[in-house]
Amino acid sequence: MKTFKIEVPDRSMEQVIQAKIDNLNKPKGSLGVLEELAMQICLVQQTLQPALTHPCHLLLGGDHGIEREGVSVSPREVTWQQMINFTRGGGGVNMFCRQHGFDLSIVDVGVDYDLSPYPAILNRKIARGTKNFLYESAMSEDEYNESIRVGCELVDACKEKGCNIVSIGEMGIGNTSPSSIWMHLFCNIPLEECIGAGSGLNNDGIRHKYEVLSRAVARSSSALSRAVANSTLYTLHSTPDEVIAYFGGFEMVAAIGAMLRAAELRMLVLVDGFIMTACALAATRLYPASQHYMIFCHCGDESGHRRMLDALHARPLLNLGLRLGEGTGALCAYPLIDSAVRMVNEMNNFDNARITKYF
């Protein structure tokens, strides 16, 4: 099992950075969240002149065995159909990557379809979808480790291109289900408060989804090494790795690997909506220091997303009602991050502008 060396950014520069931000020719604190972003980025990069270089977006695709239980309004084939659509530049993720200058990688980590005829899709397929966690673990230990390795490899490739900021998106019908369970187990929030409409379930569909996931969590108690049926705080009963592997999707675990490797390399990680926030949550349960490198970009419409962000003490940059996935919320937030960096590097200060500093 891979281990990561993720360090909390050295805060010895904090006062110097704050002094530079406060001396920009503006009222103290008047640029709000941009100032907080600037501080985070300067600390991660350990510099007073931060830079964003060669931004990369990883779009990870995978299918889920639990989808067979009717927990999503979208059929399984939408995963592979959308993956092919992305190769033609026709998805929301394509548009936003073009708009904001992101290098897009489309990656098959576990789609239940042969995508080998499409050279624009990187083939990192671990299996044709996970197993159905209503009855058994979604993946084996070997598959879990391979998923983590794939995420690391993808980030290493980004780093070699000169990237220091990476965003991650997903394409996988049914992946709000494992996200809801991770939220339930890692945050100790009642399961019914973690389940939403996904891609468009009605009230009956949400009720069915809750019943299926409740049975899955209860049945997992005999498989997770020290778990109990009522799913109280997971830390008392099983390890984060076990919980992640039992319920997760290949694309989700690869995203966790990517986040952890990016943090290890001191890269910024842009976190998208509900599913990627669940992956960030899981990553922080494995390595708490990884959160210092994460920028939470969007709070979506999925029920419980705000509560999961609150559990992480994370304040998202945007709340646009997006629920597309693909990493679109992270991409939409990028101009704000760019503005924070430009603020530090390009705004004049009181001395040079010959403006009286009045505080």
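Below you will find a few notes about this structure. (Residues numbered from 1 in each chain as written. Predicted model: local features only at pLDDT ≥ 70, side-chain atom pairs only at ≥ 80, totals over all residues. Heavy atoms only, no water.)

## Describing the sheet that holds strand E3 (residues 121-123)
And step 1. Strand order in the open sheet made by the six strands is E3-E2-E1-E4-E5-E6, with parallel pairing throughout. Two strands close off the open sheet at either side, each with one partner strand: E3 and strand E6 (294-296). When strand polarity is set aside, the average angle formed by the axes of neighbouring strands in this sheet is 30°.
And step 2. Sheet topology places strand E4 (residues 165-171) next to strand E5 (residues 268-271); three bridges connect them, and they run parallel. Its bridge partner being in E5, isoleucine 165 is matched across the sheet by leucine 268. (Pairing = 2+ DSSP bridges. Helix = DSSP H or I, 4+ residues; strand = E, 2+ residues; numbered from the N terminus. Axes fitted to C-alpha atoms, helices over the stretch in contact; angles between N-to-C directions.)

## A few points about the pattern of salt bridges
And step 1. All told, the structure shown has 20 salt bridges when counted by the stated rule.
And step 2. One salt bridge connects glutamate 36 with arginine 315, and the closest N-O pair in it is separated by 2.6 Å. In this pair, glutamate 36 is assigned in helix H2 (residues 32-45) and arginine 315 in the loop between helix H11 (305-311) and helix H12 (328-346), connecting sequence segments 279 residues apart.
And step 3. Overall, the relative accessible area of 47% leaves glutamate 36 in the partly exposed class. (Salt bridge = Lys/Arg side-chain N within 4 Å of Asp/Glu carboxyl O. Buried < 20%, exposed > 50% of the residue type's maximum accessible area, 1.4 Å probe, protein only.)

## With respect to the nonpolar core
And step 1. By size, the foremost hydrophobic cluster in this structure holds 120 residues, and its most contacted members are Trp182 and Ile256.
And step 2. Ranked by residue count, the leading element in this core is helix H9 (residues 250-264), at 11 residues.
And step 3. In contact with tryptophan 182, not counting residues within four places along its chain, are Cys187, Val243, Ile244, Phe247, Gly248, Met252, Ile256, Ala278, Cys279, Leu281 and Ala282. (Core = buried A, V, L, I, M, F, W, Y, C linked by side-chain atoms within 4.5 Å. Contact = heavy atoms within 4.5 Å.)

## A closer look at the pairing of E4
Note on strand geometry: in a regular strand, side chains alternate between the two faces of the sheet.
And step 1. With seven of seven residues buried, E4 lies mostly within the body of the structure.
And step 2. Because side chains alternate across E4, one face comprises the buried residues Ile165, Ser167, Gly169 and Met171, and the other comprises Val166, Ile168 and Glu170, equally buried.
And step 3. Pairing of strand E1 (residues 56-62) with E4 involves six bridges; the strand directions are parallel. Residue pairing in the sheet places leucine 59 in a bridge with glycine 169 of E4.

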